[in-house]
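Structural description and commentary
Next come the chains, spelled out residue by residue.
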Amino acid sequence: MAKPFSDLTKNFSDERKALIEKETQLLRMEYDLLANLRKDQELTQQELARILEIRQSAISKLEKQEDIMIQTLERYIKALGGELEIRARFPDREVTLTQFTGH
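Let me sum up the structure you'll find in this document. (Residues numbered from 1 in each chain as written. Predicted model: local features only at pLDDT ≥ 70, side-chain atom pairs only at ≥ 80, totals over all residues. Heavy atoms only, no water.)

**What to know about the overall build of the chain**
The test is simple: Secondary structure elements follow DSSP: runs of H or I of four or more residues count as helices, runs of E of two or more count as strands, with numbering from the N terminus. Three exposure classes are used, based on accessible area relative to the maximum for each residue type with a 1.4 Å probe and protein chains only: buried under 20%, partly exposed in between, and exposed over 50%. Two residues qualify as a contact provided that any one of their heavy atoms is within 4.5 Å of a heavy atom in the partner residue. In this tally Asp and Glu are treated as negative and Lys and Arg as positive; neither His nor the chain ends contributes. Taken as the charge location is NZ of Lys, CZ of Arg, CG of Asp or CD of Glu.
Looking only at helices and strands, the chain features six helices and two strands. Its helices and strands taken in sequence order, the chain reads α-α-α-α-α-α-β-β from the N to the C terminus. The principal-axis extents of the C-alpha atoms in the chain amount to approximately 50 × 45 × 25 Å. Counting every position in the chain, which comprises 103 residues, the buried fraction comes to 21%. In the chain, the proportion of contacts linking residues at least 24 apart, taken out of those at least 6 apart, comes to 38%. Positive and negative side-chain charges of the chain, numbering 17 and 19 respectively, have mean locations separated by a distance of 5 Å.

What follows is the structure in structure tokens.
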């Protein structure tokens, strides 16, 4: 029989519970990042869909996707007035990858 999650964590220290809560909040923020960027620009899904010439349901789906094509992400960011930049960081340097964007 399945146990409630609270049973699994009831013996965790307060520090461990706080760390789990912090990580959970970070994951929620990451998951909602595109929607939050859109809201920061004071755009509804419907307005953004009009700009991108797609349906509102496509915006909703895109904002919930775990994996997104770079070209699609770039179009989304540009529609918000931004510019997508992809970088690779190494211990001795940082490289901007431009072959994935419309530069």
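On we go from here.
**Side note on the pairing of strand 2 (residues 94–97)**
For clarity, the threshold we go by: For two strands to count as paired, DSSP must find a minimum of two bridges between them.
Two strands pair when backbone bridges link them, and strand 1 (residues 86–89) and strand 2 are joined in this way by four bridges, in the antiparallel orientation. For Arg89, the partnering residue across the bridge sits in strand 2 and is Glu94. Between the antiparallel neighbours strand 1 and strand 2 lie four residues.

**Concerning helix 4 (residues 45–52)**
Counted only if it meets this: Note: the arc covers the axis-to-C-beta directions of the helix.
Of all the residues in helix 4, the buried ones are Gln45, Leu48, Ala49 and Leu52. The buried residues of helix 4 occupy an angular sector of 105° when the element is viewed end-on, so they sit on one face. Residues of helix 4 that are buried make contact with helix 3 (33–40), helix 5 (56–64) and helix 6 (70–79). Backbone geometry just downstream of helix 4 places Glu53 in the positive-phi region, at approximately 60°.

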